[in-house]
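For reference, the chains in residue letters:
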Amino acid sequence: MLNRTNIAAQWAGWSERVGRVRAAARPIRRRIALFFAIVGPGLIVSNVDNDAGGIYTYAQSGAQFGNTVLWTLIPMTVVLYISLEMCSRLGAFSGKGLSDLIREEFGFRVTFFLMAAVLVVNLGNVMAEFTGVFWATDVFRINRYISVPLAAVLVWVLVVLGTAKWVERIFLAICLVYFSYVISAFLAKPEWLIALLHLLPPHLIRFVPNIRPFVQVPLFNASYAVILAGLVGTTIAPWQHFYLQAAVVEKRIGPRQYAHTRNDVLVGSISCMVIVFFIIVCTAATLYVKGIHYVDNAGTAAIALKPLAGVWASALFAIGLLNASIFAASILPLSTAYVICEALGFESGIDRKFGEAKIFYALYTALIVLGAGLVLFFGRYAKIILLWSQVLNGFLLPVVLIFILILVNRRDLMGDKINSRGFNWVAWISTAAMIVLTFVVAYTSLHELFH
Amino acid sequence: MELYATELMGAKTYDAKGNYVGRVREFFIEPAQAPNRVSHFLLSRGHFQPLIARHDQVSSVTAGRVELNVSERALELYQPNESLLAVQKDLLDQQIIDTRGRKVVRVNDLDLAEQRMNGSVELRLTQVDVGLPGAVRRLLQGVVPSKVVRKLQSKLPHSGIRWEFVNLIEPDPLRRVKLRITHEKLEDLHPADLADIMEELSASERQSIIASLDEETAAAVLAELDARLTTRIVENLDPEKAANILEEMAPDAAADLLADLSKETSEELLDEMPGHEAEEVRELLEFDPAAAGGMMNTEFVFVGENSTREEVLEWLRKQDLNFDQLDAIVLIDSDAQYSGAVPVARLLLAAPEERLAALKMEPLVTLPPEANEKEVFELFDKYNLRMLTVVDRDNRPIGAIAVDDVVSRLVK
């Protein structure tokens, strides 16, 4: 018998140099791989935010008030980041999803009613997304009875037949399509410096002498308040928090990788708001300037752009809308089915076979079929559907935020990673402000519905 | 008579004279005394301090009503006790491992059975309800009369797990000892099933389970787990325990694991391991994980080509071999160079005096350690291999790639 170690030792002598080079290269490669393994949830979740309802609200606010709404973007970025960061931290340090934690800490009954609310609210959101699909395809004169079912099938197939890794790559690629709004904005030829100036609160900077002539100060009236509430309501949605935390847990992000995830959430929150900035600037420089203060829907906003900023700006605006709607329509039903099944103890996940996770697949399919079907049958009430989905979102959001705040301050779950006092102040004040805004939106939406 | 934990929560309690004492807010099991007996009831009395009723002080239990066989004065004040398992806090809504169904489930409710003792009534925990009936009870209890709930649930499909097959998950090691929670039942599961279960748990729960498993099982489970999880688990283990687990793993699996750890951690663990094993793993660590050298295992069976079947079998019996490495036997000539490989199936059917050289597979296929993954896959596919020998520049065998390593890489 031969000594194996000797044989290997001969080889090892030669390969030592090679090994050293490779060992040196390993940390860099690993760090890059690690970044890509972790980047994603935050970026995806904030971008899905700019969905059909969002784009409509941004286009409308730009058309109605021009640059004067831009100052809200910075505080909104802060609130979006704060609320999402808490969820990613909860996920990374407790290792559990938001719905699991609510179930474990607040019991079955609370969880059941919360999940019932999530189901209703998210069905409304899914309907709003399919509404976005037909708005966008109307711009290209494609029949909605073709485009909406096609989009529904596409979404269903993508998620059920694709592997998780590929689906996420496709989602990340889709995030790039949002860039179409940047191009649209450039084609609209706005006065960039003035637009950037309006990112600062206008009531404050108008006191700076040299700047004063360029600053437009908003009039605080009822319709301005409604638009503000609408902006916040479409930007921060309850389902995002469930999705983000589930994704953090699913990606096995722990305390050590948490710093990467926090950056991911930060980059996501900022990039989401950058896109919002371009959408508002685009409609402010065209529709608002030309006196078109009211757009019926996001599709008509795209059509109205055509004579003002050219065919390309209009087409890119519509493509952005279509992309956003399909993107959100593929994520929402999935995350809803997942969250509900996790909380109530049904088998879930796209890696399960149909027979193993019947309720999960049934919920997922029903959300898509119902969402697309209702939109087709009640197409002329699209505006009402959208308003309702925003109102319901608004009611659910403070509830979810309060749960998050209670959980994230629990030392037995989070150890020393509970919120700092300052962070808590900002978070509770934002929650309180959102409750107030919710009532503003609810009041005005209901007012609009019944008159 | 069957009872459910939900029906007992909030039950009004009366003492021997029929005086109202308080409501049941929680009940406990004392695993050190009896693994399934409800041992204590916590009775809340509004502003007053809560009382504790022992199992032998209870004379009857029905849905929503508990009667004691002593007077209120005989009851003790409640003191928190770590060795008691609280049904509401530790069980309801929490995750448990169903060791028979081999999955992680969430508890909806508990089924209790009444057992009459001398002058008292004991409740025994029989099943954990993870299905719809439990969910319906949790939802409707206290809102709809018990009778209606019972009628409704009888129409629903029942899915429960017998208490013997329940494995609790307790991250705190001290409490686990006090509650007598062991993971013996988990050790009987197939490592791949156990790995699937672990992936559904949170990090601290995973950590606690690995730490309490025996080293052999822990090694088998780590080999099956997602690489991102294994590195984190090993980093957080006590180094001595981690080294012991690594020792139990096949050298290639151990090398894969160590390659993902930081330089210092992996050195520390290698130093803890016995010299021979550490040496083997160190050699493997030198190879690129994506090349043949990174896939191979240095533990393989090789014999001289002139030995007979009988001699080889005789020798094999004496070795402490892992079956995973016994797909084929590598042959070497008098210069210690590779001369072929004999699949074990051929060896099985050969005559006792047959020389191994006559049994070897044609054509001879080998690869150098720097060959990439794809070449390995292609050879396995083309020649339907179960094992492929890796040779150095002098054509000497230095390792072998088994078919299971190829399959697990293809699945990724």
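Residues numbered from 1 in each chain as written. Chains lettered and ligands numbered in written order. Predicted model: local features only at pLDDT ≥ 70, side-chain atom pairs only at ≥ 80, totals over all residues.

1. Some points on the overall build of chain A
In step 1: What chain A contains, in helices and strands, is 19 helices and 0 strands.
In step 2: Residues counted as buried form 50% of the 451 residues belonging to chain A.
In step 3: For chain A, long-range pairs separated by at least 24 residues make up 83% of all intrachain contacts whose partners lie at least 6 apart in sequence. (Helix = DSSP H or I, 4+ residues; strand = E, 2+ residues; numbered from the N terminus. Buried ≥ 20, exposed ≤ 12 C-beta atoms within 10 Å, placed from the backbone. Contact = placed C-beta atoms within 7 Å.)

2. Comments concerning the overall build of chain B
In step 1: Helices and strands together make up the secondary structure of chain B, namely 19 helices and 21 strands.
In step 2: Here chain B has a C-alpha radius of gyration of 30 Å; the compact-globule value for 412 residues is 22 Å, and the former is much larger.
In step 3: Dimensions of chain B, computed from the C-alpha atoms along their principal axes, are close to 95 × 45 × 35 Å.
In step 4: Across the 412 residues in chain B, those meeting the buried criterion constitute 39%.
In step 5: Taking as baseline every contact in chain B between residues at least 6 positions apart, the subset at least 24 positions apart corresponds to 63%. (Rg over C-alpha atoms; globule rule 2.2 N^0.38 Å.)

3. Some words on the domain arrangement of chain B
Many analyses report the size of an interface as the accessible area lost when the parts associate.
In step 1: Looking at the assigned domains, one finds that chain B contains domain 1 (2–93 + 106–156), domain 2 (202–286) and domain 3 (302–411).
In step 2: Spacing between the C-alpha centres of domain 2 of chain B and domain 3 of chain B amounts to 27 Å. (Domains from an automatic or database assignment.)

4. Section: the sheet that holds strand β13 (residues 121–129) of chain B
Residue and element names in this part refer to chain B.
In step 1: Overall, antiparallel pairing links the 4 strands, which are arranged β1-β12-β13-β14 in an open sheet. Each of the sheet's edge strands pairs with one partner strand only, and the pair in question is β1 (2–4) and β14 (160–162). Across the sheet, the mean angle separating the axes of adjacent strands is 40° when strand polarity is ignored.
In step 2: Looking at chain direction, β1 and strand β12 (residues 109–116) are connected through 3 bridges and run antiparallel. Pairing of Glu2 across the sheet is with Ala113, part of β12.
In step 3: Packed on one face of the sheet, helix α3 (residues 132–140) meets β1, β12 and β13 and runs near 90° to β12. (Pairing = 2+ DSSP bridges. Axes fitted to C-alpha atoms, helices over the stretch in contact; angles between N-to-C directions.)

5. Re the environment of Asp394 of chain B
All names here are of chain B.
In step 1: Along the chain, Asp394 turns up in the loop between β20 (387–391) and β21 (397–402).
In step 2: Of the residues examined, Asp394 has 13 C-beta atoms within 10 Å and is grouped as partly exposed.
In step 3: Measuring from C-alpha to C-alpha, the distance between Asp394 and Ala336 comes to 9.4 Å, with 58 residues separating the pair along the chain.

6. Examining helix α4 (residues 73–94) of chain A
All names here are of chain A.
In step 1: Between its first and last C-alpha, α4 extends 31 Å over 22 residues, near the 32 Å set by a 1.5 Å rise per residue.
In step 2: Here α4 lies mainly inside the structure; 18 of its 22 residues are buried.
In step 3: Count one or two residues on from α4 and you reach Gly95, which has phi positive near 70°. (Expected span 1.5 Å × (residues − 1).)

7. Description of the pairing of strand β3 (residues 20–29) of chain B
Residues and elements named next belong to chain B.
In step 1: Within β3, 7 of the 10 residues are buried, leaving the element largely enclosed by the surrounding structure.
In step 2: Relative to β3, strand β2 (residues 12–14) runs antiparallel, the two being bridged by 3 bridges. From the neighbouring strand, Lys12 faces β3, where its bridge partner is Arg23.
In step 3: Two elements, β3 and strand β4 (residues 38–45), share 6 bridges in a ladder whose sense is antiparallel. Bridge pairing in β4 places Val24 opposite Leu43.
In step 4: Strand direction decides the pairing type here: β3 and strand β9 (residues 85–86), joined by 2 bridges, are antiparallel. Looking across to β9, one finds that Phe28 is bridged to Ala86.

8. Some thoughts on the pairing of strand β7 (residues 65–68) of chain B
All names here are of chain B.
In step 1: The alternating pattern of β7 places Val66 and Leu68 on a buried face, while none of Arg65 and Glu67, on the opposite face, is buried.
In step 2: Across 3 bridges, β2 lies against β7 in parallel orientation. Following the sheet pairing, Tyr14 is matched in β7 by Glu67.
In step 3: Where strand β6 (residues 58–62) folds back onto β7 in an antiparallel hairpin, the turn is made up of 2 residues, including Gly64, whose phi is positive at roughly 80°.

9. Describing the confidence of the model for chain B
In step 1: On average, chain B scores 85 in pLDDT, and the residues at 70 or more come to 99%.
In step 2: For this predicted complex, the interface score ipTM comes out at 0.72, alongside a pTM of 0.78. (pLDDT = per-residue confidence, 0-100.)

10. Some remarks on the sheet that holds β21 of chain B
Residues and elements named next belong to chain B.
In step 1: Pairing is mixed across the open sheet formed by 3 strands, whose spatial order is β19-β20-β21. Since the sheet does not close on itself, it has two edges, and those belong to β19 (366–367) and β21, each with one partner.
In step 2: Here β19 runs beside β20; their pairing, made up of 2 bridges, is parallel. What sits directly across from Thr366, in β20, is Thr389.

11. Considering helix α5 (residues 98–139) of chain A
Residue and element names in this part refer to chain A.
In step 1: Between the first and last C-alpha of α5 there are merely 39 Å, a value that for 42 residues lags more than 12% behind the 62 Å anticipated at 1.5 Å per step.
In step 2: Remark: the principal bend of α5, roughly 135°, maps to Gly107.
In step 3: Among the residues trailing α5, Arg141 stands out with phi positive, at a value near 55°. (Bend = angle between axes of the 7 residues up to and from the residue.)

12. Observations concerning the nonpolar core
In step 1: The biggest cluster of nonpolar side chains holds 136 residues, and the ones touching the most others in it are Phe130, Ile279 and Leu321 of chain A.
In step 2: With 20 residues, the single largest contributor to this core is helix α15 (residues 311–344) of chain A.
In step 3: Apart from residues no more than four positions distant in its own chain, Ile279 of chain A is found in contact with Ile55, Tyr58, Ala59, Gly62 and Tyr181 of chain A.
In step 4: If you look at the next biggest cluster of nonpolar residues, it comprises 68 residues, including Leu189, Ala242, Phe302 and Ala402 of chain B. (Core = buried A, V, L, I, M, F, W, Y, C linked by C-beta atoms within 7 Å.)

13. What to know about unusual backbone geometry
In step 1: Note the cis peptide between Glu362 of chain B and Pro363 of chain B, where omega equals -10°.
In step 2: Topologically, Pro363 of chain B is positioned in the loop between α17 (344–349) and β19.
In step 3: Of note, Arg141 of chain A is a non-glycine position whose phi angle comes to about 55°, a positive value.
In step 4: Here Arg141 of chain A lies in the loop between α5 and α6 (144–161).
In step 5: Since 6 C-beta atoms lie within 10 Å of it, Arg141 of chain A is described here as exposed.
In step 6: Backbone geometry places Asn395 of chain B, a non-glycine residue, at a positive phi of 65°.
In step 7: Mapped onto the elements of the fold, Asn395 of chain B is located in the loop between β20 and β21.
In step 8: Overall, the presence of 15 C-beta atoms within 10 Å leaves Asn395 of chain B in the partly exposed class.

14. As for the confidence of the model for chain A
In step 1: With 89% of its residues at a pLDDT of at least 70, chain A reaches an overall mean of 81.
In step 2: Per-element confidence in chain A is highest for α4 of chain A, whose mean pLDDT is 92, and lowest for helix α1 (residues 4–38) of chain A, whose mean pLDDT is 49.

15. Re the packing of helix α14 (residues 298–309) of chain A against α15 of chain A
Residues and elements named next belong to chain A.
In step 1: For the pair α14 and α15, the least separation of the axes is 6 Å and the interaxial angle reads 160°. Relative to α15, α14 is oriented roughly antiparallel. For α14 against α15, the interelement crossing comes out right-handed. For the pair α14 and α15, contact is made by Ala298, Gly299, Ala301, Ala302, Ile303, Leu305, Lys306 and Ala309 and by Val311, Ala313, Ser314, Phe317, Ala318 and Leu321, respectively.
In step 2: When grouped by side-chain class, the residues that make up the contact of α14 with α15 number 11 nonpolar, 2 polar and 1 charged. (Parallel < 35°, antiparallel > 145°, perpendicular 65-115°, else oblique. Left-handed = near helix turned anticlockwise from the far one by under 90°. Nonpolar A, V, L, I, M, F, W, Y, C, P; charged D, E, K, R; others polar.)

16. Describing the environment of Pro343 of chain B
All names here are of chain B.
In step 1: When you line up the elements, Pro343 lands in strand β18 (residues 338–343).
In step 2: Residue class for Pro343 comes out partly exposed when judged on the 16 C-beta atoms lying within 10 Å of it.
In step 3: As a C-alpha pair, Pro343 and Tyr20 span 323 residues in sequence and 79 Å in three-dimensional space.
In step 4: Dropping the residues within four chain positions of it, Pro343 is found in contact with Asp327, Ala328, Met361 and Arg386.

17. Overview of the environment of Asp238 of chain B
All names here are of chain B.
In step 1: Within the element layout of this structure, Asp238 appears in the loop between α10 (227–236) and α11 (239–248).
In step 2: The class of Asp238 is exposed, set by 9 C-beta atoms lying within 10 Å.
In step 3: Taking the C-alpha atoms as reference, Asp238 lies 42 Å from Tyr4; in sequence the two are 234 residues apart.

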